[in-house]
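# Architecture at a glance
Single-letter residue listing:
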Amino acid sequence: MMVACSTTSKLFPKDWESSNRTFSGSCHAQLNQRVKNIVVTQDEEKEVSRTSIRLKEMLKKVEQPDSSYDTAWVAMVPCMENSKNKPLFPTSLKWIMENQQPDGSWSNDSTHPLLIKDSLSSTLASILALQRWNVGQQLIHKGIDFIGSNIWAAGDIHQYCPNGFNIIFPSMIDSANKMGLSLSLDKSLLDSMLRNKDLETISLKGKGRKLAYVAEGLNGSNNWDEVMKYQRKNGSILNSPASTAAALIHLRDPKCFQYLDSLMLKFNHAVPTLYPFDIYSRLCILDELEKLGVDRYVEKEKMMFLDDTYRCWLQGSDEIFADPTSCAMAFRFLRMNGYVVSSDVLENFEEEENLFHVNDTKCVLELFKASQLTILQNEPILDRIYSWTSSYLKEELLNASISDKSLQNEVDYILKHPYATLRRIENRNYMESYNTENVSLLKTSSRFVNVDKRSLLAYSRQDFNMCQTHFKNELAYLARWEKKYRLDKLKYARQRLELVYFSVATNLFEPEFCDARLAWTQHTILTTVVDDFFDFGGSMEELINLINLIERWDQHTPDEFMSKEVEILFYAIYDLVNDDAEKAKKYQGRCIKSHLIEIWIVILKAMLKESEYVRYNIVPTIDEYIKNGCDSISFGAIVLIPLYFLGKMSEEVVRSEEYQTLHMHISMLGRLMNDRVTSQKDMAEGKLNSVSLRVLHSNGTITEQEAEEQVDKIIEKHRRELLRMVQTEGSVVPKACKNLFWMTSKELHLFYMTEDCFSSPAKLVSGVNAILNDPILMP
């Protein structure tokens, strides 16, 4: 049916005429003006510009601090030729002598109360370097005093523990004793540390990667052949200057020398704790910006960085593939942004034993996130990673083993909401537990030098509150719209304005997507009201009357409405479609009204058929039910109409197979996930759904639980295929539009995870308030 987009006179009843004729247009204009005023105030525009520049610079290049621990190990390396009584890198030794802290330590962060183990490790390594070359005796004594005063922290489980500490630190104590240094340690504590070291060393038998990672703790071990299996192309042992220095001391390996020599040429005096670190550190910054919700300000720089990362991926870069955290993060970011990457690269990390980071929760979390990006029906590597990482993370939470509160909250949230992580909730949770004093902890602690976490947090909070102001303005408009069209007067209908708006705003929160949020919310509200009307609010004659009126569209008269309810619903649909068609002209440059009407007619006819099933006791086949149910779930209106406000959607795109398939997948997910949690309620109301029909048509051969398991498998199949399509580059549907389908699948997983939270929304109240009503307080 073709419908002109020109404005036609509306035949409202007299009591509606004056108030409703221009309502939609004027309110949209007022709302959009308010939103405009919020976005473009001069002060805010300047702040956005300044912050964008800082964020872009931050993502472009990340600077790591000097590591006294690793520099000390480099300083211990003797000359390669005859002069073995001289340091090979004397400038490193000089740096150690010049950088002792006033308290006698060589700590990277002497003020952090939970990094004393880190300070002990760095200080003891520095003492060994000085003693090795018989210099700085006064510095050594001050360092020994620091260790003696703080050795209690070595056995304190509440202290942050550098990776490999339980093996490396006792080994350094042993080396200190052999050098004649008297550390005056408590014997019981020393015995306990040595026992723990022996146990952990034994546990590493056959785990070469982990052995290589703690190479400097092996002392006179005969495991060096195993360690050298993990030498990278750049000559390093797992990109660790300390491990590489230890290997060079023991084996005089020329490639190890080349690696360390290149570091000294680059950094001059001191080295970082990880090198190369460019890809890893920039991935960490990008991840941080996403978690704080401000990554949209660096979109261009983000894609340039991911292009560089993909080139390194194709070249088989050790910087990505040899490190599980880097590999998992790169895989996640690349796959989620449309790059073709195989999960086969994660094969080395599909078992916990293959990791080399000891007790590294962040590493396991990144692997868990990567495992959720299954797009093929058979990706067993990701399935296995998902299995062990989820068990590991659950155990960590159960045992309260995660000391970092921000990380603990993130793990807790992602485990409770598989496939249902909502961006704005994640952003708020992350901000509220964000520790500006937090550090990255590998073998030693480090902070990115050019990252000001306090400023970043302050801006993120400001941005969150700014978006929330938009939400409140839009909600006020929507409440007036509901009232004007008397939708709030329909007592049989579920009133879910805030919940519906929350479902779109929590992922599609950017101010520029106002029109898409409004369309999503209004069409969801209307389809819900109409669904309730077809279920139990109207007679069969009224349902048919409403469909006939919509089919005829402009050719209707006031005396054709069978009831006030039909009249209310007709004008709500009629005006909204006309308004959206008019608004979409500026996005599409063409008339889309006929498509919007077509969408609504398909939905209404599907709802009518479902009503006939119940009223006339019709038992459809499963295929008949699913085909009709994918239309009655109403994503034609809820998802397809907002797409017109997100990207260019030509007639060819709308009629394309890709567009139709995306619609099919999200509709199947919506239908089946809804059915899975409402089957008992539906049966009590005399309805059949895809679960109960499977039981019914099996003639007693399958139980309800087995039917639910069958439905779960179909859900997983469509979820994977939808994600694959969303991530595929070179498609005809714009990326921003495809993202809305994936966003919708996350909403479905939230609303129908264990029950129908749309009909019983009590569990979501706190989340709704956190996103829509409660600003983040600024300190």
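In what follows, the structure referred to is the one given above.
The paragraphs below set out a description of the structure included in this document. (Residues numbered from 1 in each chain as written. Predicted model: local features only at pLDDT ≥ 70, side-chain atom pairs only at ≥ 80, totals over all residues. Heavy atoms only, no water.)

## Examining the packing of aromatic side chains
Here a ring pair, both rings aromatic, is described through the centre-centre distance and the interplanar angle of the planes. The following threshold applies: We call Phe, Tyr and Trp rings a pair once their centres come within 6.5 Å, taking the six-membered ring for Trp, and we label the pair stacked below 30 degrees between planes, edge-to-face above 60, and tilted otherwise. Accessibility here uses a 1.4 Å probe with only protein chains present; expressed as a share of the type maximum, an area under 20% marks a residue as buried, one over 50% as exposed, and anything in between as partly exposed.
All told, the structure shown has 23 aromatic pairs when counted by the stated rule. With a centroid separation of 5.9 Å and 75° between ring planes, the pair formed by Tyr275 and Phe277 is classed as edge-to-face. Using a relative accessible area of 10% as the deciding quantity, one classes Phe277 as buried. Ring plane angle 65° and centroid distance 4.9 Å describe the contact between Trp313 and Phe321, whose orientation is recorded as edge-to-face. Judged by relative accessible area, Trp313 falls into the buried class, the value being 7%. For Phe321, a relative accessible area of 18% translates into the label buried. Through pairs of rings, three or more aromatic residues link up here, namely Trp553, Phe561, Phe570, Tyr571 and Tyr574.

## Notes on the layout of surface pockets
Applicable threshold: Buriedness of a pocket was judged along seven lines, with at least five required to meet protein on both sides within 12 Å; pockets are open sets of points on a 1 Å grid over the protein atoms alone, cavities are sets where a 1.4 Å probe fits but cannot get out, and lining residues have an atom within 4 Å of a point. Grid points are joined across faces, edges and corners, and a volume is the space filled by probe spheres set on the points. Only runs of H or I of at least four residues qualify as helices and only runs of E of at least two qualify as strands under DSSP, and these elements are numbered from the N terminus. Under this grouping Gly is polar, as are all residues other than the nonpolar Ala, Val, Leu, Ile, Met, Phe, Trp, Tyr, Cys and Pro and the charged Asp, Glu, Lys and Arg.
Of the voids in this model, the second largest pocket is the one considered here, and its volume is about 1,400 Å³. Along its surface, the second largest pocket is lined by 44 residues, and Glu290, Asp295, Met336, Arg423 and Lys746 are the ones closest to its centre. For the lining of the second largest pocket, the elements supplying multiple residues, two or more each, are helix H14 (278-292), helix H15 (299-314), helix H17 (324-336), helix H20 (405-416), helix H21 (423-432), helix H34 (704-727) and helix H35 (735-751). Sorting elements by how many residues they give to the lining of the second largest pocket places H35 first, with 7 residues. Of the residues that constitute the lining of the second largest pocket, the class distribution is 16 nonpolar, 11 polar and 17 charged.

## Side note on empty space enclosed by the protein
Summed over all chains, the structure comprises 5 cavities of 30 Å³ or more. Space inside the second largest cavity adds up to approximately 60 Å³. Lining the second largest cavity, in full, are Arg232, Leu238, Asn239, Leu274, Pro276, Tyr280, Glu319, Asp323 and Ser326. Residue composition of the lining of the second largest cavity, grouped by class: 4 nonpolar, 2 polar and 3 charged.

## Side note on the packing of helix H23 (residues 497-505) against helix H36 (residues 765-773)
Basically, it comes down to this: Axes, fitted as lines to C-alpha atoms, cover a helix only where it is in contact. Angles between the N-to-C directions of the axes lie from 0 to 180 degrees. The cut-offs work like this: below 35 degrees is roughly parallel, past 145 is roughly antiparallel, 65 to 115 is roughly perpendicular, and the gaps in between are oblique. Left-handed describes a crossing whose near helix is turned anticlockwise from the far helix by less than a right angle; the clockwise case is right-handed. Contacts were defined at the residue level, with two residues in contact if any of their heavy atoms lie within 4.5 Å.
Axis separation between H23 and H36 bottoms out at 10 Å; the angle between their running directions is 70°. Classified by the angle between their axes, H23 and H36 sit roughly perpendicular to one another. Where H23 crosses over H36, the handedness of that crossing is left-handed. Between H23, through Glu498, Leu499, Tyr501, Phe502 and Ala505, and H36, the contact on the second element is made entirely by Gly767, Val768, Ile771, Leu772 and Asn773. Of the residues assigned to the contact of H23 with H36, the class counts are 7 nonpolar, 2 polar and 1 charged.

## Points about helix H32 (residues 657-684)
Just so we agree on the cut-off: Under the convention used throughout, the expected extent of a helix is 1.5 Å for every residue step, that is, one less than its residue count. To get the bend at a given residue, fit one axis to the seven residues ending there, fit another to the seven starting there, and take the angle between those axes.
For H32, spanning 28 residues, the distance from its first C-alpha to its last is 38 Å, which sits close to the expected 40 Å at 1.5 Å a residue. Bending of H32 peaks at approximately 70° at the position of Thr678.

## Re the pattern of salt bridges
Our working definition: Salt bridges are identified by distance alone: a Lys or Arg side-chain nitrogen within 4 Å of an Asp or Glu carboxyl oxygen.
Following the criterion strictly, the structure yields 47 salt bridges and no others. Notably, a salt bridge pairs Lys187 with Asp191, separated by 2.9 Å at the nearest N-O pair. One end of the pair is Lys187 and the other is Asp191, both in helix H9 (residues 187-203) and 4 residues apart, which spans about a single turn. A salt bridge links Arg719 to Glu716; the nearest nitrogen and oxygen atoms lie 3.0 Å apart. Pair noted here: Arg719 and Glu716 are both in helix H34, with a separation of 3 residues, about one helical turn. We classify Glu716 as partly exposed; its relative accessible area is 24%. Here the salt bridges do not stand alone but share partners, grouping Asp287, Lys291, Arg332, Lys362, Glu366, Lys369 and Glu410 into one network.

## Remarks on the nonpolar core
Stated precisely, the cut-off is as follows: Residues enter a nonpolar core if they are buried and are Ala, Val, Leu, Ile, Met, Phe, Trp, Tyr or Cys, with the set joined through side-chain atoms within 4.5 Å.
Core analysis: the biggest nonpolar cluster contains 250 residues, and Phe169, Leu346 and Phe534 have the highest contact counts within it. With 12 residues, helix H26 (residues 564-588) is the single largest residue contributor to this core. Residues in contact with Phe169, not counting those within four places in the same chain, are Leu120, Ser121, Leu124, Ile151, Ala154 and Met193.

## Describing the side chain of Asp295
Note the following rule: When charges are counted, Lys and Arg are positive and Asp and Glu negative, with His and the chain ends excluded.
Note that Asp295 resides in the loop between H14 and H15. Of the side chains with opposite charge, Lys302 comes closest to the buried, unpaired Asp295, at an N-O distance of 4.2 Å.

## So, the environment of Tyr213
Within the secondary structure, Tyr213 sits in helix H10 (residues 208-213). Classification of Tyr213 as buried rests on a relative accessible area of 5%. Taking the C-alpha atoms as reference, Tyr213 lies 59 Å from Glu624; in sequence the two are 411 residues apart.

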